[in-house]
Amino acid sequence: RRCAEAFTSGEHDGVTYSGEYGDLGAAVAAVLLDDEARSEILDADPTFGKLKEPLVKVLSLLRSLEFTPADGRELELDELQDCIGQQAHQAPSVFNFYKPDSSPPGVARDAAVFAPEGELGTSPLLICLLNGLSSLVMRAGLTSCEQGFGSTNQRRCGSEDSGQDFGRGVDATMGFTPASNDAEAVVDELDLLLTGGRLSPHVRQVILRKYLHRKDGWGEEDAVLHAMQLFTLSLEFHSTNFNALGEPRVKSAYTTVGGVRGDYKAVVVLFMNGGLDSYSLLVPHSGCEPHPTHADLHAEYMEVRGVVAFQKTDLLQIDVPDGGPNKTHPCSRMGLNPVSDTVKDLYEDGSLALLANIGSLIDPVADKHEYRSGSLRLPPGLFSHSDQQEAAQNVYAQSMAMSGVLGRIMGVLTDYDSPFEVESYSISGSGLILEGGPVPPTTVDDSGSNRFGWYSSVSSDLDEMLANSSRSVFGETMARQMQAAFEATENLGQRLADSTTATAFGNSGIERQFEQVAKVINAARKGAWTGKPERQAFFVQQGGFDAHGGPAGTQNGLANIDNALSSFTTEMLVTGAWDDVVVLTASDFARTLTDNGLGTDHGWGGNMFIAGGLVRGGQVFGKFPNRYAECDDGCPLNIDARGRLIPTTPWEGVWKGLAEWFGIVPERLDEILPNAKLFEAEGRRTEEDISMYHPDKPILDQHDLFKPAPPSPPATPPAPPRPPPGPRPQACLPLVEDRFCYGTSHTAQMRPAVDAADCRAACTDYSEANSQQGCCRFTPHAEGVSDRSCDFSLGDKRITGGDWQPSVDRLNLFEGSSGECCPRRGRDGACNADEIKPMPPTPSPPPPPQPKPPPPLPSPPPPPPSPSPPP
């Protein structure tokens, strides 16, 4: 209120600034001179203050230590987003770098205190930040050495003690020198500059001893640098209130939790952040039930979806066993997004199932009339990113305070008389879905487990600085994040460094994340851990799906996911782990069925998939909507003219069967999925509309989702791993020795009014003519199509706008690897079944020459006659 009054009056605390409305000077004075900003009593409140943002820490260090850019040029801090989670003017979305109502698990959440900056305290981001801060002070300059924040054009980075000239290639140099040579005065001056005079007496003594030790052995300048480094590791540097010390801290050992069963299973949750337009993932095609207003459901889809619709010829066709007239689903043939080749292959291989119209629910909602009646509980914050991301990950839509569903599953698994040994890993930030488990999830960077470069030299100082808990909520939150980061990276780093994959993964973010998942799974199954884990949970994430401005982000995201799935499933098949792994997708929500002129807006129920070696694939669970348009009669699920559909399967519908497969006994399911009973037969309402427009069984159990596990193979010899699904028929052209998709782009001149099918056919012809059959990656909406030309490329698209990378034999085009080939594809890129013919066999090598038998040995001479006996 005081700030608002100063802004409107132009006066504050008896001082007139402009005396007019809109005075920013008066408003700033009201903020800085307020009692809350200047009172030390408030700083002593454990819940007062905040965690500092990583970017603020970097900039405050640069300013406080008087860094000056080299050659008078403007200072550039590039690529901070991937390192510390923030980059000036480059927030990943309009919702900033973190959710405003976020509260990290632990003391902050227990005290009901928001600390959204804690979202950026994951192990990879925190380790990269600490490496960069240490590089700044230990190099006395801004460089790229030791993961510094400087540009990467440094000439060389020698060790601290090598005596090399570190001034070359430095982007900025540190100008600060202490005002006094006295040790205590130096520490006090740094305390004022870097921690606002809030350094606790205990931490001050640790830094003072370090300063004196380095000064005696290496001189004053070295002592100052090492003291600065410890300041950047202090809790006071990372938070804004006093760090009053509490009880002695018990340093946890890096251990897993559980027993010695010996069987292994893993769940990988792939979250598509931003709200996937999943009605562009699964589309009606043909064999549909009669439609009241259009030729078929696809015709209505084309009209309603507008600029984001796909023609039938664009789609990858799949058969739906329970689809068609008078069946569960409206069409017997559906279409997948044109970039989802691997999804199609896994579906047809029987190891991937689609989940139709799934989303967050509390009570079953029969139709739009019940939705509008106000008689049922609806998820709070419908159509809100933050609320629905939490609902999809905690699977308890009425409470944002609930822990993550995988965290709850892990907690129950370790609560048995004979507990499981469990581990959780986030490869993309702090996934809520893993929170609440018996041990905190380990956060791994998509490039592996980065380590703090100075850990060995400061570990004893750190142990002493963190020896006691902090009574500050924010200080203790940072202490636990730092301890978790050091413990995880020091223990996990070497294990991941020693783990490899047999399959090449691409360079997109989601592909690198899946590569790290594969490495952890491979190492765990080989027993590289201290105690072989029996259950592992993983969280990976692909962003860019908030498609208000158009479908390009959706297409690129799905293409990256498809490439990641291709490499990951191949790796799991090669290592024999595919039957023990499940990949489940989730997203905030679907998008509106109607477009906004460019893209789509926030929706509700959508389509996902579940994949794994034992998944009952090749089918669609749930019930796909039979109408797209909004109408008064016959459109019960469409709640408004924008096309937001009521989900007919709750998130609980897939998690029950998955939890059972993972080892949860029926008696404990209610602890994990409290709402599931509302949708099951004994608790479900029996109105006709529920059965007419909803699936007969919205809650799927283990037997619905999974095939029985095959019998254990004999110990000798071991059964070979199941081969990956074979490629689709390829063109019958000579296969050259260089079997790479080159990733080159091409513009084909076409006749007027070119359409997507013409462009696809031109791309296919071009790829075959250049011995690049199977590499064509034309994608409608992601590539350019003009009136007289179209652009396409040979290879996998990584980044919007070009940047194509080669994919090593992604479609398995080795000679003889496919039993059939296609002499010519049609306009839709498919091969007619009657044109498929066998691949020419590879000639067998001639048999090796047989050695000639050795000549027979000569007969031995006859024995001499026996002498006659004497007479």
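Going along each chain's sequence as written, the residues are numbered from 1 onward. In keeping with the predicted nature of the model, local features appear solely for residues at pLDDT of at least 70, side-chain atom pairs appear and are counted solely at 80 or more, and the whole-chain, interface and lining totals rest on all residues. As a rule here, side-chain values come from all non-hydrogen atoms in the structure, and water together with hydrogens is ignored.

A. Region of interest: the sheet that holds strand 9 (residues 316-319). If you walk across this open sheet you meet the 3 strands as 8-10-9, and the pairing is antiparallel. Looking at which strands have only one partner, the edges of the open sheet turn out to be strand 8 (282-288) and strand 9. Averaged over all adjacent pairs, the angle separating strand axes in this sheet is 35°, with direction ignored. Here the rule is simple: two strands pair whenever DSSP picks up at least two bridges between them. Every helix listed is a DSSP run of H or I at least four residues long, and every strand listed is a run of E at least two residues long, numbered separately from the N terminus. In terms of strand pairing, strand 9 meets strand 10 (residues 331-336) through 4 bridges, oriented antiparallel. Its bridge partner being in strand 10, Leu316 is matched across the sheet by Leu336. In what follows, a contact means two residues having at least one pair of non-hydrogen atoms within 4.5 Å. For helices, the fitted axis covers only the stretch in contact; all axes are lines through C-alpha atoms, and the angles between them, taken along N-to-C directions, range from 0 to 180 degrees. Packing of helix 13 (residues 297-305) onto the sheet brings it into contact with strand 8 and strand 10, and relative to strand 8 it is tilted by some 145°. Sitting on the sheet, helix 14 (residues 341-349) touches strand 9 and strand 10, and the angle it makes with strand 9 is about 20°.

B. Focus on the packing of helix 17 (residues 405-413) against helix 22 (residues 652-662). Close contact between helix 17 and helix 22 brings their axes to 11 Å; oriented N to C, the two are set at 30°. Note that helix 17 runs across helix 22; the crossing there is right-handed. Contact residues: Val405, Leu406, Ile409, Met410 and Leu413 in helix 17; Trp655, Ala659 and Phe662 in helix 22. Under this grouping Gly is polar, as are all residues other than the nonpolar Ala, Val, Leu, Ile, Met, Phe, Trp, Tyr, Cys and Pro and the charged Asp, Glu, Lys and Arg. Within the contact of helix 17 with helix 22, the residues separate by chemical class into 8 nonpolar, no polar and no charged. Each crossing is labelled by how the near helix is turned from the far one, with a counterclockwise turn of less than a right angle marking it left-handed and a clockwise turn marking it right-handed.

C. Representation of the pattern of salt bridges within the structure. What makes a salt bridge here is a side-chain nitrogen of Lys or Arg within 4 Å of a carboxyl oxygen of Asp or Glu, nothing more. According to the stated counting rule, one finds 28 salt bridges in the structure shown. Residues Glu671 and Arg668 are paired through a salt bridge, measuring 2.4 Å at the closest nitrogen-oxygen approach. Taking relative accessible area as the criterion, Glu671 reaches 43% and is therefore assigned partly exposed. The residue Asp701 makes a salt bridge to Lys697 at a minimum N-O spacing of 3.2 Å. Categorising residues by exposure relies on relative accessible area from a 1.4 Å probe, with only protein chains included: less than 20% of the type maximum marks a residue as buried, more than 50% marks it as exposed, and the intermediate range marks it as partly exposed. What makes Lys697 partly exposed here is its relative accessible area of 41%.

D. A look at the confidence of the model for the protein chain. A residue-level look at the protein chain finds 77% of positions with pLDDT of 70 or above and a mean pLDDT of 81. pLDDT expresses, on a scale from 0 to 100, how confident the predictor is about each individual residue. Counting contacts from residues 725-740, a segment whose pLDDT is below 50, to residues more than four positions away or on other chains yields 49 contacts.

E. The arrangement of unusual backbone geometry in detail. Even without being glycine, Asp13 reaches a positive phi, approximately 55°. Note that Asp13 resides in the loop between strand 1 (11-12) and strand 2 (15-16). Residue classification places Asp13 among the exposed positions, given a relative accessible area of 68%. One non-glycine residue, Phe383, adopts positive backbone phi at about 75°. Along the chain, the position of Phe383 falls in the loop between helix 15 (368-373) and helix 16 (385-394).

F. Here's a closer look at the pairing of strand 12 (residues 422-426). The buried fraction of strand 12 amounts to 5 of the 5 residues, a majority that puts the element mostly inside the structure. Every second residue of strand 12 is oriented toward a common face, with Val422, Ser424 and Ser426 on one face and Glu423 and Tyr425 on the other, all of them buried. The pairing of strand 12 with strand 15 (residues 535-542) spans 5 bridges and is parallel. Bridge pairing in strand 15 places Tyr425 opposite Phe538. In this structure, strand 12 lies alongside strand 13 (residues 442-443), joined through 2 bridges in parallel fashion. Each residue of the ladder has a partner; that of Tyr425, found in strand 13, is Thr442.

G. Representation of the environment of Thr747. Relative to the helices and strands, Thr747 resides in strand 22 (residues 745-749). By relative accessible area, Thr747 is classed as partly exposed at 40%. Once the C-alpha coordinates of Thr747 and Ala762 are considered, the two residues, 15 residues apart in sequence, prove to be 9.7 Å apart.

H. Quick look at the sheet that holds strand 4 (residues 141-142). The 3 strands lie next to each other as 3-5-4, forming an open sheet whose pairing is antiparallel. Each edge of the sheet is formed by a strand with only one pairing partner; in this case those strands are strand 3 (67-69) and strand 4. In terms of strand pairing, strand 3 meets strand 5 (residues 172-174) through 3 bridges, oriented antiparallel. The partner of Thr68 across the bridge, within strand 5, is Thr173.

I. Region of the structure containing the environment of Gln483. Counting through the fold element by element, Gln483 comes out in helix 19 (residues 473-498). Each C-alpha atom of the pair Gln483 and Leu462 lies 9.3 Å from the other, and the pair is 21 residues apart in sequence.

J. Main features of the state of the cysteines. Sulfur atoms of two cysteines make up a disulfide when they are within 2.5 Å. Summed over all chains, the structure comprises 3 disulfides. At a sulfur-sulfur separation of 1.9 Å, the disulfide partner of Cys288 is Cys331. Taking the torsion about the S-S bond as the criterion, the Cys288 to Cys331 disulfide, at about 100°, is right-handed. Placement of Cys288 in strand 8 and of Cys331 in strand 10 is noted, with a sequence separation of 43 residues between them. Here Cys288 matches Cys331 in class, with each residue buried. In this model Cys631 forms its disulfide with Cys635; the gap between the sulfur atoms is 1.7 Å. Taking the torsion about the S-S bond as the criterion, the Cys631 to Cys635 disulfide, at about 100°, is right-handed. Here Cys631 falls in the buried class, since its relative accessible area comes to 17%.

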